[in-house]
Amino acid sequence: GFARKQAINPRNVDLNELVGEMQRMLRRLVGENIELSWSPGSDLWSIRIDPSQVDQILANLIVNARDAITDTGVIAIETANVIIDDTFSSTHPEAVPGEYVMMVVSDNGTGMSAEVLDHLFEPFYTTKPAGKGTGLGLATVYGIVKQNGGFVNVYSEAGQGTSFKIYFPRCAQDSTLQSNEPCTPRALPTGTETLLLVEDEAAILKLGKQILEQFGYKV
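So, here is what we can say about the structure in this document. These numbers come from a predicted model, not from an experiment.

## A word on helix 6 (residues 202-214)
- Look at helix 6: 19 Å from first C-alpha to last across 13 residues, which is about the 18 Å you get at 1.5 Å a residue.
- After helix 6 finishes, the residue Gly216 shows a positive phi value of roughly 95°.

Okay, structure coming up:
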């Protein structure tokens, strides 16, 4: 699915409903020694995504959180509506200002060092022993979130636990949740600046140059 860009069927959904339906399966994943807390936000905006992708995101994050807890602990899932402003965007380059639905998955496990955080979403990067992890779980999470126009922030320190904050853009239409009509896309930002693009793969370099030029940049 990660390599072949699997076919998806996005629709307008209530994230609270999807996460709520997964609770029984997630509780089986975490086992008896770990408490799973679920705090749905009120009046949550709808988002547009394939529901199976939410399943993938949560399963990967919950398994990682479970493995980070040595004995007993707590994994918390929560949702909320958030508005990203220019101030936040200035310190988080991937965050485009606008209205988002945030899903947070946090644990009080071992946490991660700064070095691990730097490589967190790289395909095949894993800190687990041989045979215990593929290194594709978080890469898949990142790919799904980006595919749906969102972004991810990770907060973690060694010994202090980890918190994944995932932001999905709010569906622009106040339409029926089950509607298959596409949401109105947000206008992509353009610019006139000159950019230096560095890439050692000629085909990717050419494609990147063409895309940036379409948005007004001089490459």
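## Observations regarding the packing of helix 2 (residues 51-68) against helix 5 (residues 137-147)
- Two elements in contact, helix 2 and helix 5, have axes whose closest approach is 9 Å; the angle formed by their N-to-C orientations is 145°. For the pair helix 2 and helix 5, the crossing hand works out as left-handed. Side by side, helix 2 and helix 5 meet where Gln53, Gln56, Ile57, Asn60, Leu61 and Asn64 of the first sit next to Gly137, Leu138, Thr140, Val141, Ile144, Val145 and Gln147 of the second.
- Class assignment of the residues belonging to the contact of helix 2 with helix 5 gives a composition of six nonpolar, seven polar and no charged.

## Points about the packing of aromatic side chains
- Under the definition given, this model contains five aromatic pairs.
- Look at Phe88 and Phe151: their rings are 6.4 Å apart centre to centre, the planes differ by 45°, and that puts the pair in the tilted class. Of this pair, Phe88 sits in helix 3 (residues 86-91) while Phe151 sits in strand 6 (residues 151-156), and the two are 63 residues apart along the sequence.
- What makes Phe88 partly exposed here is its relative accessible area of 22%.
- Residues Tyr100 and Tyr167 carry aromatic rings whose centres are separated by 6.4 Å and whose planes lie at 90° to one another, so their mutual orientation is edge-to-face. Taken together, the residues span a long stretch of sequence, with Tyr100 in strand 5 (residues 98-107) and Tyr167 in strand 7 (residues 162-169) at a distance of 67 residues. Tyr167 shares its class with Tyr100; the two are buried.

## Considering helix 5
- Among the residues of helix 5, those classed as buried are Leu138, Ala139, Thr140, Val141, Ile144 and Val145.
- Tucked inside the fold, the buried residues of helix 5 contact strand 3 (47-49), helix 2, strand 6 and strand 7.
- Count one or two residues on from helix 5 and you reach Gly149, which has phi positive near 80°.

## Re the packing of helix 1 (residues 15-30) against helix 2
- Here helix 1 crosses helix 2 at 40°, and the two axes come no closer than 10 Å. With respect to each other, helix 1 and helix 2 are oriented oblique. The chirality of how helix 1 crosses helix 2 is right-handed. The segment helix 1 lies against helix 2, with Leu15, Leu18, Val19, Met22, Leu26, Leu29 and Val30 engaging Pro51, Val54, Asp55, Leu58, Ala59, Ile62, Val63 and Arg66.
- Its residues assigned to classes, the contact of helix 1 with helix 2 shows 13 nonpolar, no polar and two charged.

## Brief notes about unusual backbone geometry
- Backbone geometry at Asp43 places phi at a positive 50°, although glycine is not the residue there.
- Looking at where Asp43 falls in the secondary structure, it is placed in the loop between strand 2 (34-39) and strand 3.
- According to the relative accessible area criterion, Asp43 is exposed, its value standing at 70%.

## Observations concerning the side chain of Thr79
- Here Thr79 is to be found in strand 4 (residues 73-84).
- At 2.6 Å, the side chain of Thr79 forms a polar contact with the side chain of Asn16.
- Those residues in contact with Thr79 that lie beyond four places of it in its chain are Leu15, Asn16, Trp38, Ser39, Pro40, Gly41, Leu44, Met102 and Met103.

## Describing the pairing of strand 7
- In terms of residue burial, strand 7 counts as a mostly covered element, since seven of its eight residues are buried.
- Alignment of strand 6 against strand 7, held across six bridges, turns out to be antiparallel. Across the sheet, the residue bridging to Asn153 is Lys165, located in strand 7.
- Counted along the chain from strand 6 to the antiparallel partner strand 7, the turn is five residues long, and its residue Gly159 has a positive phi close to 80°.

## Looking at the side chain of Ser156
- Along the chain, Ser156 falls in strand 6.
- Reaching out from Ser156, the side chain makes a polar contact with the backbone nitrogen of Met112 at a distance of 2.8 Å.
- A distance of 3.1 Å separates a polar side-chain atom of Ser156 from the backbone oxygen of Gly161.

How each quantity is defined
- Residues numbered from 1 in each chain as written.
- Predicted model: local features only at pLDDT ≥ 70, side-chain atom pairs only at ≥ 80, totals over all residues.
- Heavy atoms only, no water.
- Helix = DSSP H or I, 4+ residues; strand = E, 2+ residues; numbered from the N terminus.
- Expected span 1.5 Å × (residues − 1).
- Axes fitted to C-alpha atoms, helices over the stretch in contact; angles between N-to-C directions.
- Left-handed = near helix turned anticlockwise from the far one by under 90°.
- Contact = heavy atoms within 4.5 Å.
- Nonpolar A, V, L, I, M, F, W, Y, C, P; charged D, E, K, R; others polar.
- Phe/Tyr/Trp six-rings, centres within 6.5 Å; stacked < 30°, edge-to-face > 60°.
- Buried < 20%, exposed > 50% of the residue type's maximum accessible area, 1.4 Å probe, protein only.
- Parallel < 35°, antiparallel > 145°, perpendicular 65-115°, else oblique.
- Polar contact = N/O pair within 3.5 Å; in protein donor to acceptor, adjacent residues only side chain to side chain.
- Pairing = 2+ DSSP bridges.

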